[in-house]
Amino acid sequence: MIKTYTIKEVAEDFDLSISTIRYYDKKGLLPFVAKNDAGYRIFTDADLNLIKTIVCLKNTGMAIKDIRSYIEDVMQGPSSIEHRKTLLKKHKREVLQKQQMLTENLKEIDFKLDRYNSPKAEEIVGAEFQYLTNEKKTLNTKNTED
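Since we're looking at a predicted model, the values are computed, not measured.

Looking at this structure, I do not really get the overall build of the chain. What am I missing?
In terms of helices and strands, the chain carries six helices and two strands. For a compact globule of 146 residues, the expected C-alpha radius of gyration is about 15 Å, and the chain comes in at 26 Å, more than 25% above that figure. The principal-axis extent of the C-alpha atoms belonging to the chain is close to 80 × 35 × 30 Å. Taking all 146 residues of the chain together, the buried fraction comes to 23%. Relative to all contacts within the chain whose residues are 6 or more apart in sequence, the contacts with residues 24 or more apart total 48%. As displayed, the chain offers around 10900 Å² of accessible surface, 55% of which is attributable to carbon and sulfur atoms. Of the side-chain charges in the chain, 25 are positive and 23 negative, and the distance between the mean point of each set is 5 Å.

And the structure:
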């Protein structure tokens, strides 16, 4: 007997709302999901594996249309392996670029936090503020002279 799961169980397992799963189905991301005699979606372990991939791709910023393309490839079987690889390699490059950007931004946040946690925080921030204020005054003075 094949173990099946309800949409509620799947939603809980993946920390998704039921409406999100229905949305994914409406957008063509779940063509593999069967329905029982009453018309309710029933999910299998194989479905959960694909949903795990869908959630991963969505969480890493892949567009719904690209996820749909990937799932369509999966539904074609082995003949689509090269296209799947191409799609995933492109997505990986994009994720790595985002990761690099986040790393750089995190360095700036850490720099600011280190500054604010410094015993000389008020002195440092005060000097920065004074510099900014003087710079703007100078700029405004130049603009009024023109």
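What is the right way to look at helix α5 (residues 81-117) in this model?
Think of an α-helix as turning once every 3.6 residues; residues three or four places apart then point the same way. Between its first and last C-alpha, α5 extends 52 Å over 37 residues, near the 54 Å set by a 1.5 Å rise per residue. For α5, the complete set of buried residues consists of Arg84, Leu87 and His91. Looking at the buried side of α5, the elements it contacts are α3 (45-59) and α4 (64-76).

Would you mind showing me how to read the nonpolar core here?
Note that soluble globular proteins tend to have their nonpolar side chains buried in a common cluster. Counting residues in each nonpolar core, the largest one holds 25 residues, and the members touching the most others are Ile21, Leu30, Phe32, Phe43 and Ile54. The set of elements that each furnish at least two residues to this core consists of α1 (7-14), α2 (18-26), α3 and α4. Residue contributions to this core peak at six residues, all from α3. Other than its neighbours up to four places away in sequence, Ile54 contacts Tyr24, Leu29, Leu30, Phe32, Ile67 and Ile71.

When you look at the packing of α4 against α5 in this model, what are you seeing that I'm missing?
In a packed pair of helices, the relevant descriptors are the angle between the two axes and the axis-to-axis distance. Look at α4 against α5: their axes get within 9 Å of each other, and the N-to-C directions meet at 155°. Here α4 is positioned roughly antiparallel relative to α5, judged by the angle of their axes. Handedness of the crossing formed by α4 with α5: left-handed. Here α4 contributes Asp66, Ser69, Tyr70, Asp73 and Val74 to the contact with α5, which in turn contributes His83, Arg84, Leu87 and Leu88.

Just to check I follow, could you spell out the side chain of Arg84 for this structure?
Residue position: Arg84 is located in helix α5. Among buried charged residues, Arg84 stands out as having no salt bridge; its nearest opposite-charge side chain is Asp73, 5.5 Å away. Reaching out from Arg84, the side chain makes a polar contact with the backbone oxygen of Gly77 at a distance of 2.7 Å.

Sorry, what's going on with unusual backbone geometry here?
Note: most residues except glycine have negative phi, and most peptide bonds are trans. Phi angles above zero are rare outside glycine, and Asp15 is one such case at about 55°. For Asp15, the location among the structural elements is in the loop between α1 and α2. Among the residues examined, Asp15 registers a relative accessible area of 73% and is labelled exposed.

Got a minute to help me understand the side chain of Ser69 in this structure?
The residue Ser69 is located in helix α4 in this model. Each residue touching Ser69, except ones within four places of it in the same chain, is listed here: His83 and Leu87.

Got a minute to help me understand the pattern of salt bridges in this structure?
Pairing of side chains with opposite charge becomes possible as their charged atoms draw close. With the rule as written, the count across this model stands at six salt bridges. One salt bridge in this structure joins Asp25 and Arg41, with 2.7 Å as the shortest N-O distance. Of the two residues, Asp25 is situated in helix α2 and Arg41 in strand β2 (residues 41-42); the sequence distance between them amounts to 16 residues. Overall, Asp25 belongs to the partly exposed group, its relative accessible area being 22%. Here Lys85 makes a salt bridge to Glu82, at a shortest N to O gap of 3.3 Å. On the criterion of helical spacing, the pair formed by Lys85 and Glu82 is a turn pair, its members being three residues apart in helix α5. A relative accessible area of 37% places Lys85 in the partly exposed class.

Conventions and cut-offs
Residues numbered from 1 in each chain as written. Predicted model: local features only at pLDDT ≥ 70, side-chain atom pairs only at ≥ 80, totals over all residues. Heavy atoms only, no water. Helix = DSSP H or I, 4+ residues; strand = E, 2+ residues; numbered from the N terminus. Rg over C-alpha atoms; globule rule 2.2 N^0.38 Å. Buried < 20%, exposed > 50% of the residue type's maximum accessible area, 1.4 Å probe, protein only. Contact = heavy atoms within 4.5 Å. Areas by Shrake-Rupley, 256 points an atom, 1.4 Å probe, with all protein chains shown as cover. Lys, Arg positive; Asp, Glu negative; His and termini not counted. Charge placed at Lys NZ, Arg CZ, Asp CG, Glu CD. Expected span 1.5 Å × (residues − 1). Core = buried A, V, L, I, M, F, W, Y, C linked by side-chain atoms within 4.5 Å. Axes fitted to C-alpha atoms, helices over the stretch in contact; angles between N-to-C directions. Parallel < 35°, antiparallel > 145°, perpendicular 65-115°, else oblique. Left-handed = near helix turned anticlockwise from the far one by under 90°. Salt bridge = Lys/Arg side-chain N within 4 Å of Asp/Glu carboxyl O. Polar contact = N/O pair within 3.5 Å; in protein donor to acceptor, adjacent residues only side chain to side chain.

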